[in-house]
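Examining the three-dimensional arrangement
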Amino acid sequence: MDTPNPDNHGEFFDQFLDDYYAECDEHLVSIRRALVTLEDAGTVDRALLDNLFRSFHTLKGISGMVGLAAAEQLAHHLESYLRELRDGTLTLNKPGFEALVAGVSLLEGVINARRNDQSIPSIDEIAVRLQAVSSEQTTSEVAKNDVAPMRWLVEFTPTAELAERGVNVNSVRARLQELGQLVQAKPVVKGAGEIAFEFIVATDADETAFATFEADGLTFKPAPVEFVPQPRDTQPVPTIAPASVVRVDLDRLDELMRIIGELVISRTRLEDQLTELKRTTPPATWRSLQETSQSMGRQLRDLRESVMRVRMVQIGEIFERMTFVVRDLARESGKKIIVQLSGGETEIDKFLVERMMDPLMHLVRNAVSHGLETVAEREAQGKRSEGVLSLSAMTVGERIVIKIADDGRGIDRNVVVERARARGISQENSEIDDEALLDLICTPGFSTRDEADRESGRGVGMDVVKKATEELGGRVSLVTKVGEGTTFTIELPLTLAIAEALIVSVNGQRFAVPQSAVREVLEVESASTSVLENNEIISYRGKVLPLLRLARVFEMNYQRETSFHVLVLGEETNAVGLAVDRILGQREIVVRAIKDPLAQSKGIAGATELGDQRVVLILDTSALRQLAITSKH
Amino acid sequence: MNNILVVDDSPTMRRMVITSLGALRSVKSTQAGSGLEAIERLAIEPVDLMVLDLNMPDMHGMEVIDFVRKHQAYRDIPIVVLTTKGEESSRREALAKGANRYLTKPFDPRQLADVVSSLLKAN
Amino acid sequence: MEPFILFELAGTTYGVRSRFVQQIEMIEDAASVPNAHPAVEGVVLVRGQVIPALNLRTRFGFERIERDLRSRLVVINTGNRVVGLVVDTAREFLKIPAESIEPPPEALTGLSGHYLEGIATIGERMILILNLDAVLDLEYEVEPQISQMMTDGR
């Protein structure tokens, strides 16, 4: 049981909990990465061990500060073990490595338990394990870092002006590390008492590599041959260079985005007013006003894109975390699993990452625990012994499509239908399609197995996956075949905030339709529509295009016009034509979510405002297409 | 206005120290994430006191104390060392090298503020 | 002593704790939301947020009236939800001592009178204190008779 430390002045340090968790996350990611490298590589790299040692040391310190004693003690044990490994008094062997991995997982678990207000797990067992491996005494050879051929002595004298230009000891160090191996970094005092830094870098590069140095006040020359080794604890180890990175609160970015949104609206209003002025303004003046407005529009677009880029992270970061989880699960269950990644460079808004991390993780855990079979089962089926889990991401238009696929058991419809029936959830028969199958699985209260394993405690189930995705304006879909595997596809809008939209009028009400969903716009005469199986259709590119009338789906009154417009939505194979009375124009809109359930409705993706303070609803074209299918009266 | 240099490789820890000193009057703080950065700060701006962590990646806190105390211009800057429990053996060493005070983490924010305040007054 | 915002609906005065009231606005036309509950007039934009406008007359079973210059949108923020309430008029701000608030009569709570937290009597005046969670939860149907009972008594 974790009892509060009476010395810890708990309340004072509680305000730092967010920073604490953020810093823990960063350290844990780099620890995990290091462990994966250790596991894969044959030799042991001392620099890596030192980094690990340092991470545990810091985690110990800050955990102590916030009063999380279990984490502090566990980090302490891990730190001690790493100290021995780093100093060479112990070799890394299999039980040791496994104890390390178990220790790190538990450390993660303890921190998360505190984060989620759950009871802290006991660390006693792991502590004993770590102490046991620490007490084995074996001599070893620590892999020595290769010394590169030529060494240079680089001297840097810091000044306020240089610092302002971004030339400081950290950036210089980073540059040198790019050139080669940094062997020494120390401060010295020069003749008149000024402080300078001396770096010794070992590199194959020749003098030209140092060309830019002089401009930044750096001097270089070949290093003197003798090199005095410094005492062990202070041996400069090439650490991962701190890049020029700023940590930004997502709230601040949200605020920036909100302000940009307001700017977009103001500019649109300006355009409207300019149009009105055209009649009464001399043409030359008007034209120059128009140009100014347009260049503002371009600048706003650039600004918006820049801020969006700040919020974007590569989805590879999530994939990496998933890989760690998969390795843990695979190790525990004895299954062999290969993870195939693609599209890791695809960028996704950080907000989406935060919301979707848990749901995506749930899908991955499911795939590993329930989808993929054991080596024996697979071989019995004639499959390769390693199960394949593939994680992929790509952008398609204004959406990001993430797929989590396994080549495992697949989902058995019969089992699902039976269970749904047993739970009183549904009376469907086994002929249901993939979409209906997904619906069943995502019904709250449904689960495909009695959950005694880890996933259950986290409060994420398939229903949460579906809900989280839909709340973000996305969609989940599923393809599965028994014996072959399952693929979950999650589509999410790339940008939450601003989109191009067509503004249309239907039955007197204005709606916005996202441009990205519209393939084509047609003008249609009433007379040219026909009826096929109770659906209105028109002819489109030699094929039949079913029409979708909002009046039917939204239960509004409508009158038929003699001619109207049709927005073609969807792909070739399942296109649908949305009938609208008039097209009012194309605009950039700021998309706002409708958060309150009272105002949420299927077929509505959100709302926006066009500069006149009146709300215009944004249509959810994929939901409308589904509604159209189900509401054939 | 006194300029306090807070040196620790953990950003969370630095924030905690700075917040602890928040109530002191006529005090502002500067941060450094490593021994080298700390010395660079000394070279570039006037520093009236240092709060220093010992165990840091590139340059150990002890070395920083050594360097600072050997330099004419910085010899008298008060240094408060902060370090984790279990390293009290280095206490004597740090004080011998010229640190003025030594506190262990987790530290009492009020105690830190008091120590800093009295060291600033004395100078 | 707690501050309350008071508003009128069909001749009856209702009160909500002012800490739940984010702002009071003149009403703009709400964009009608398809397939929504009949009491939801639509959505409006308030402080950059799109929120539902709930017509309290419809919610409580009174007949709807034409909007006029006195109609107001009382924007409620319960911490979890932000919803606008369309009311006849809202101008008053009153501090009500806790002792003046009595629980609603048994007869009422028996019949889904849960939308009332209590009834405050200040001199001759009766103010119905709303239980916002119940009012905003459309699972709770508010019986028209109750609202009628309250106004009949005056």
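Residues numbered from 1 in each chain as written. Chains lettered and ligands numbered in written order. Predicted model: local features only at pLDDT ≥ 70, side-chain atom pairs only at ≥ 80, totals over all residues.

1. Quick word on the overall build of chain B
- Looking only at helices and strands, chain B has five helices and five strands in total.
- The N-to-C order of helical and strand elements in chain B reads β-α-β-α-β-α-β-α-β-α.
- Burial status across chain B gives 50% buried among its 123 residues.
- Here the contacts in chain B between residues at least 6 apart in sequence split such that 62% fall between residues at least 24 apart. (Helix = DSSP H or I, 4+ residues; strand = E, 2+ residues; numbered from the N terminus. Buried ≥ 20, exposed ≤ 12 C-beta atoms within 10 Å, placed from the backbone. Contact = placed C-beta atoms within 7 Å.)

2. Comments concerning the overall build of chain C
- In terms of helices and strands, chain C carries four helices and eleven strands.
- Counting over 154 residues, chain C shows a buried share of 34%.
- Within chain C, counting contacts between residues at least 6 apart in sequence, those at least 24 apart form 55% of the total.

3. Structural notes on unusual backbone geometry
- Positive phi outside glycine occurs at Asn507(A), with the angle close to 50°.
- Among the structural elements, Asn507(A) can be located in the loop between β12 (498-506) and β13 (509-514).
- Judged by the 15 C-beta atoms lying within 10 Å of it, Asn507(A) is partly exposed.
- Of note, the phi angle at Ala10(C) is positive, near 50°, even though the residue is not glycine.
- What makes Ala10(C) partly exposed here is the crowd of 17 C-beta atoms within 10 Å.

4. What to know about the interface of chain C and chain A
- Listed per partner, the contact involves 22 residues of chain C and 19 residues of chain A.
- Those elements that provide at least two residues to the side of chain C that touches chain A are β4 (40-46), β5 (49-55) and β7 (82-87) of chain C.
- For the side of chain C that touches chain A, the residue count by class is 15 nonpolar, four polar and three charged. (Nonpolar A, V, L, I, M, F, W, Y, C, P; charged D, E, K, R; others polar.)

5. What to know about helix α11 (residues 316-333) of chain A
Residues and elements named next belong to chain A.
- In this model α11 runs 25 Å from its N-terminal to its C-terminal C-alpha over 18 residues, within 8% of the 26 Å that 1.5 Å per residue would give.
- Inspection of α11 places Ile 318, Phe 319, Met 322, Thr 323, Phe 324, Val 326 and Leu 329 among the buried residues, and these make up the whole buried set.
- Looking at the buried positions of α11, the neighbouring elements they touch are α2 (17-40), β6 (337-342), α12 (350-371) and β8 (387-396).
- Two residues or fewer past α11, Gly 334 is found with a positive phi of approximately 75°. (Expected span 1.5 Å × (residues − 1).)

6. Observations regarding the sheet that holds β4(C)
All names here are of chain C.
- Here we have five strands laid out as an open sheet, ordered β3-β6-β7-β5-β4, and mixed in their pairing. Two strands bound the open sheet, and with one partner strand each, they are β3 (21-26) and β4. For this sheet, the mean angle separating the axes of adjacent strands, direction not counted, is 30°. (Pairing = 2+ DSSP bridges. Axes fitted to C-alpha atoms, helices over the stretch in contact; angles between N-to-C directions.)

7. Focus on the packing of α11(A) against α12(A)
Residues and elements named next belong to chain A.
- Interaxial distance between α11 and α12 falls to 10 Å at its minimum, and their mutual angle equals 30°. By the angle class used here, α11 and α12 are roughly parallel. Judged by the sense of rotation from one axis to the other, the crossing of α11 with α12 is right-handed. Facing α11, whose interface residues are Ile 318, Met 322, Val 325, Val 326, Leu 329 and Ala 330, α12 presents Val 353, Met 357, Leu 360, Met 361, Val 364, Arg 365, Val 368 and Ser 369.
- Looking at the contact of α11 with α12 residue by residue, the classes come out as twelve nonpolar, one polar and one charged. (Parallel < 35°, antiparallel > 145°, perpendicular 65-115°, else oblique. Left-handed = near helix turned anticlockwise from the far one by under 90°.)

8. Some thoughts on the pairing of β5(C)
All names here are of chain C.
- By the criterion of burial, β5 is predominantly enclosed, with six of the seven residues buried.
- Bridging between β4 and β5 involves six bridges; their strand directions are antiparallel. Counted as the bridge partner of Val 43 is Pro 52 from β5.
- Relative to β7, β5 is paired through three bridges, and the arrangement is parallel. Bridge pairing links Leu 54 to Leu 85 in β7.

9. Considering the interface of chain A and chain B
- Residue-level contacts link 36 residues of chain A with 30 residues of chain B.
- Every element with two or more residues in the side of chain A that touches chain B is listed here: α1 (10-14), α2, α3 (46-65), α7 (160-164), α8 (169-179), β2 (181-189) and β3 (195-203) of chain A.
- Residue contributions to the side of chain A that touches chain B peak at eight residues, all from α3(A).
- Along the lines of polarity and charge, the residues of the side of chain A that touches chain B split into 17 nonpolar, twelve polar and seven charged.

10. Examining helix α3 (residues 61-70) of chain B
- With seven of its ten residues buried, α3(B) lies for the most part within the structure.
- Those residues of α3(B) that sit buried are Gly61(B), Met62(B), Glu63(B), Val64(B), Ile65(B), Phe67(B) and Val68(B).

11. Section: the sheet that holds strand β4 (residues 218-222) of chain A
- With antiparallel pairing, four strands are arranged side by side in an open sheet as β2-β3-β1-β4 (chain A). The two strands at the open ends of the sheet, each matched to only one other strand, are β2 and β4 of chain A. With strand direction ignored, the average angle separating the axes of adjacent strands in the sheet is 20°.
- Strands β2 and β3 of chain A of the sheet are contacted by helix α2 (residues 35-44) of chain B, whose axis makes an angle of about 140° with β3(A).

12. So, the pairing of strand β2 (residues 12-17) of chain C
All names here are of chain C.
- In terms of strand pairing, strand β1 (residues 2-9) meets β2 through six bridges, oriented antiparallel. Across the sheet, Phe 4 pairs through a bridge with Arg 17, a residue of β2.
- Hairpin geometry of β1 and β2 is characterised by an intervening segment of two residues between the two adjacent antiparallel strands and by a positive phi of about 50° at Ala 10.
- Alignment of β2 against strand β11 (residues 125-130), held across three bridges, turns out to be parallel. The partner of Gly 15 across the bridge, within β11, is Ile 129.

13. What to know about the environment of Val6(B)
All names here are of chain B.
- Mapping Val 6 onto the fold places it in strand β1 (residues 2-7).
- Its 26 C-beta neighbours within 10 Å are what place Val 6 among the buried residues.
- Once the C-alpha coordinates of Val 6 and Ile 18 are considered, the two residues, twelve residues apart in sequence, prove to be 7.4 Å apart.
- With residues near it in sequence (within four places) discarded, Val 6 still touches Arg 14, Val 17, Ile 18, Ser 29, Gln 31 and Val 51.

14. Here's the deal with the confidence of the model for chain C
- The predicted model of chain C averages 82 in pLDDT, with 83% of residues at 70 or higher.
- At the low end of the mean pLDDT range in chain C sits helix α4 (residues 144-152) of chain C, at 51; at the high end sits β7(C), at 94. (pLDDT = per-residue confidence, 0-100.)

15. Points about the environment of Asp581(A)
All names here are of chain A.
- With respect to the helices, strands and loops of the structure, Asp 581 is situated in the loop between β19 (576-580) and β20 (582-590).
- Look at Asp 581 and you get partly exposed, because 19 C-beta atoms sit within 10 Å.
- With 21 residues separating them along the chain, Asp 581 and Arg 560 place their C-alpha atoms 8.9 Å apart.
- Once residues lying within four places of it in the same chain are set aside, the contact partners of Asp 581 are Ser 505, Val 506, Asn 507, Glu 561 and Phe 564.

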